[in-house]
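# Architecture and fold: a report
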Amino acid sequence: LKCEDLRAPVGGAQVGLQYYTVTVAPEDRFERSKTGVSDSTIVLDRPDWLGPSLMELKSGRAGLAPLFNLDLASGIKLWDIACHKLRVKAHRYQLRHAGASSD
């Protein structure tokens, strides 16, 4: 996910266009998802703080810079810390199979 994939709402937008969005596998970079689809969009409508927080993370960074500058080892460590603090038993593998689906 690159910084340019995160988009702010359009100013003065009509109802339904007031949300931040993320473009997955943008066609202009010749990317395809594992199912062969390009330009899928995720609307960041909840929680309310998510879009603005991601925009702050993106601020001042080049468009093709990674939005999350995190290596695998650091991500695993942070996941484990979060699960411990939340007192949740969860495995990272669940992230691949527990999300929303359009099937």
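Below is a short write-up of the structure. What you are looking at is a predicted structure, and each value in this text was computed from that prediction instead of being measured. (Residues numbered from 1 in each chain as written. Predicted model: local features only at pLDDT ≥ 70, side-chain atom pairs only at ≥ 80, totals over all residues. Heavy atoms only, no water.)

## Remarks on the nonpolar core
Counting 8 residues, the largest nonpolar core is built from C3, L6, Y20, V22, L44, L54, A65 and L67. Ignoring sequence-local partners within four residues, the contact set of A65 consists of L1, K2 and C3. (Core = buried A, V, L, I, M, F, W, Y, C linked by side-chain atoms within 4.5 Å. Buried < 20%, exposed > 50% of the residue type's maximum accessible area, 1.4 Å probe, protein only. Contact = heavy atoms within 4.5 Å.)

## Some details on unusual backbone geometry
Residue P47 follows R46 across a cis peptide bond; omega there is -10°. Residue placement: P47 occurs in the loop between β3 (40–44) and α1 (50–58). Although it is not a glycine, A25 adopts a positive phi angle of roughly 55°. Relative to the assigned elements, A25 resides in the loop between β2 (20–24) and β3. Within the chain, F30 stands out as a residue other than glycine whose phi angle is a positive 60°. (Helix = DSSP H or I, 4+ residues; strand = E, 2+ residues; numbered from the N terminus.)

Everything listed here is a matter of geometry and, on its own, says nothing about what the molecule does.
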